[in-house]
Amino acid sequence: MDKGHSYFELLDAFKGSGCPICTLVLKDSRRYLDHLLYESVLDLPTRVELIGSFGFCSWHTWQIPSLPPICSPSTGYSIFASDLLRKFNSLAQEFTLKLKEKRGLLSLFAKISPGSLHIKDKACPACHHVAQFESYHLNALADSIGDEQFLEAYRASQGICLPHFFLLEKNYSAHPNFPLLLELQTAKSGSLRTTLEEFIRKQDHRFQKEVTQAEAKAWKVAMEFVAGKPGVFTNEMGHGLLEKSRKEKISPEKISLALAPFDKLTFEELIDEVKTSKEITLYLKRPLPAFLFKELRELNSREVHPKIEVVVEGLSDSRYLGSLHSAGFSIFYGLGLPSQSFIFLGRNRGFLLESHQLSGGHNLRPIKEPEDVYFRLLWRRFGVAVLLSGSIRETDKDKRIFCLIAEGRRQQWCRFKDADTKELPEVGTHVEVFAWEKWNTHILEVLELRVLEAEGQRAP
Ligand SMILES: [Zn+2]
Ligand SMILES: [Zn+2]
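As the structure is a prediction and not an experimental result, all values here were calculated from the model.

Student: Got a sec to walk through helix 6 (residues 125-144)? Specific residues and values, please.
Tutor: With 20 residues, helix 6 ought to run about 28 Å at 1.5 Å a step, and its terminal C-alpha atoms sit 29 Å apart, in line with that. Among the residues making up helix 6, those that are buried are Pro 125, Ala 126, Val 130, Glu 134, His 137, Leu 138, Ala 140, Leu 141, Ala 142 and Ser 144.

So this is what it looks like as structure tokens:
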């Protein structure tokens, strides 16, 4: 028999009190959270996953305060919670609008539902992780119980809880060792029942002094035997948020299916609409058609102008990004955008910008459910472009990063986007940097650096 890692973990868990599988599930949960808070708090995929699952389940959330101080549970959880609250507030704002729209209808047809908040579309990642380990341990238990030394240690332990036994029965009833496991479980159950009955019998005042220590705590042992350790198995109040929202998930790549097929719009019409919009949002994986960029830039130079936000992905031309920035647009770093460009005027009007590679022409198609798409895309922003100036305070040649004392900021570590090919600037130089401030790291990713002057040359 192959004695894997779980074999030895189980042997160790047999020495503790209560169900060894519950013990390992708790240990794995803690290890997972420990690692996540220690290593991955600012890690982008982790945060994206936690936004999708709307954080951890209640059980795992309440394990966080007991993590060791080195994991800084307070800071880590603050970061996650802040992401979640931002998500909630935005969704709630959208929902308020929907409610207002439907209020008229609602008064006529009381049963029309305004939909739901769609807060959660994935299971708790800690549960997901731990459930895999739980199966691994149950499998090892079934495989190893025939091993003499293992069996002896198991007999001396309190044995697995009944909920874990039912899981074992569900998945391993055909296993050659299952009859032995069933026999062991029945024996544990029988002896626990005998102890409980002795305890009950001795409640008679004549025998009260005879209650042994084992009998006195048998009711607590029975609790764990019948129901597992606290939190490992769910309650039955049906508070799961997952089921309802899963149905309504939509992937950005499927968005084009939601288009009205023949409802095209001319660019003149779009530009007319743009002029009266308060908020314009663009999602781009390729540069905008030049005439549209020109119109938007002109619009933005007026005294009263809309707020223009551009979310880009994969646009590596830093000059182009710089031109969007100097046109006064706010530039965001996008991840997972649809392959085509999208234009939103406010939240309720959205267009797909189609580009024809052969003719070089473009056309616009309105999106059927713009608000929904607007919202799904809102979560695709993972950083913002910034322009900072200041002087170089120090450089780290090994890590290929440099520290900038920028106006209004204490100090800012930076790294060139193409760090291998660029020379680090001299300490004391006064520079201007155009950079990505990504939300998963404190180090800026510099797209362009311009030397303004060396310190010695500055006017006194
Ligand atoms: Zn258990
Ligand atoms: Zn969980």
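Student: Tell me about the environment of Ala 327, residues and numbers included.
Tutor: Here Ala 327 shows up in the loop between helix 15 (318-326) and strand 3 (330-334). Separated by 27 residues in the primary sequence, Ala 327 and Asn 300 place their C-alpha atoms 7.1 Å from one another. Filtering out sequence-adjacent residues up to four positions away, Ala 327 remains in contact with Phe 293, Arg 297 and Asn 300.

Student: Can you break down the coordination of the zinc ion (ligand 1) residue by residue, with the values?
Tutor: Coordination of the zinc ion (ligand 1) by the protein comes from Cys 19 (SG), Cys 22 (SG), Cys 161 (SG) and His 164 (ND1), over a distance range of 2.0 to 2.3 Å. The site at the zinc ion (ligand 1) holds 4 donor atoms, and with the angles between them running 101 to 115°, its shape is tetrahedral. Read in sequence order, the donor residues for the zinc ion (ligand 1) give the motif C-x2-C-x138-C-x2-H. Of the two residues, Cys 19 is situated in the loop between helix 1 (5-14) and helix 2 (20-39) and Cys 161 in the loop between helix 7 (148-156) and helix 8 (162-172); the sequence distance between them amounts to 142 residues. Under the relative-accessibility criterion, Cys 161 is labelled buried at 1%.

Student: Lay out the coordination of the zinc ion (ligand 2) with the relevant residues and their values.
Tutor: Of the protein atoms, only Cys 57 (SG), His 60 (ND1), Cys 124 (SG) and Cys 127 (SG) coordinate the zinc ion (ligand 2), at distances of 2.0 to 2.4 Å. For the zinc ion (ligand 2), the 4 donor atoms in the first shell make angles of 105 to 114° at the metal, a pattern classed as tetrahedral. Binding-site remark: the zinc ion (ligand 2) is held by donors from one chain whose sequence spacing is C-x2-H-x63-C-x2-C. Within this pair, whereas Cys 57 is found in the loop between helix 3 (44-52) and helix 4 (58-61), its partner Cys 124 is found in the loop between helix 5 (73-108) and helix 6, the two being separated by 67 residues in sequence.

Rules and cut-offs
All chains use their own residue numbering, which begins from 1 and follows the written sequence. Starting at A for chains and at 1 for ligands, labels are handed out in the order in which the entities are written. Side-chain atom pairs in this predicted model are given and counted only at pLDDT of 80 or more, local residue features only at pLDDT of at least 70, and totals for whole chains, interfaces and linings cover all residues. The basis for every side-chain value is the complete set of heavy atoms in the structure, and neither hydrogens nor water enter the calculation. Numbering of helices and strands runs from the N terminus, with a helix taken as a DSSP run of H or I at least four residues long and a strand as a DSSP run of E at least two residues long. Here, expected helix span is obtained from the residue count minus one, scaled by 1.5 Å. Exposure is judged per residue with a 1.4 Å probe applied to protein chains only, and the accessible area is read against the type maximum: over 50% gives exposed, under 20% gives buried, and values in between give partly exposed. The contact definition used throughout considers only heavy atoms, calling two residues in contact when any of these lie within 4.5 Å. Note that water is not among the atoms used; donors are N, O and S atoms within 2.8 Å of the metal (3.2 Å for Na, K and Ca), so sites may look incomplete. In this scheme the shape depends on donor count and angles: four donors with every angle between 85 and 135 degrees give tetrahedral, four or six donors with opposite pairs above 155 degrees and others between 65 and 115 give square planar or octahedral in turn, and any other case is irregular.

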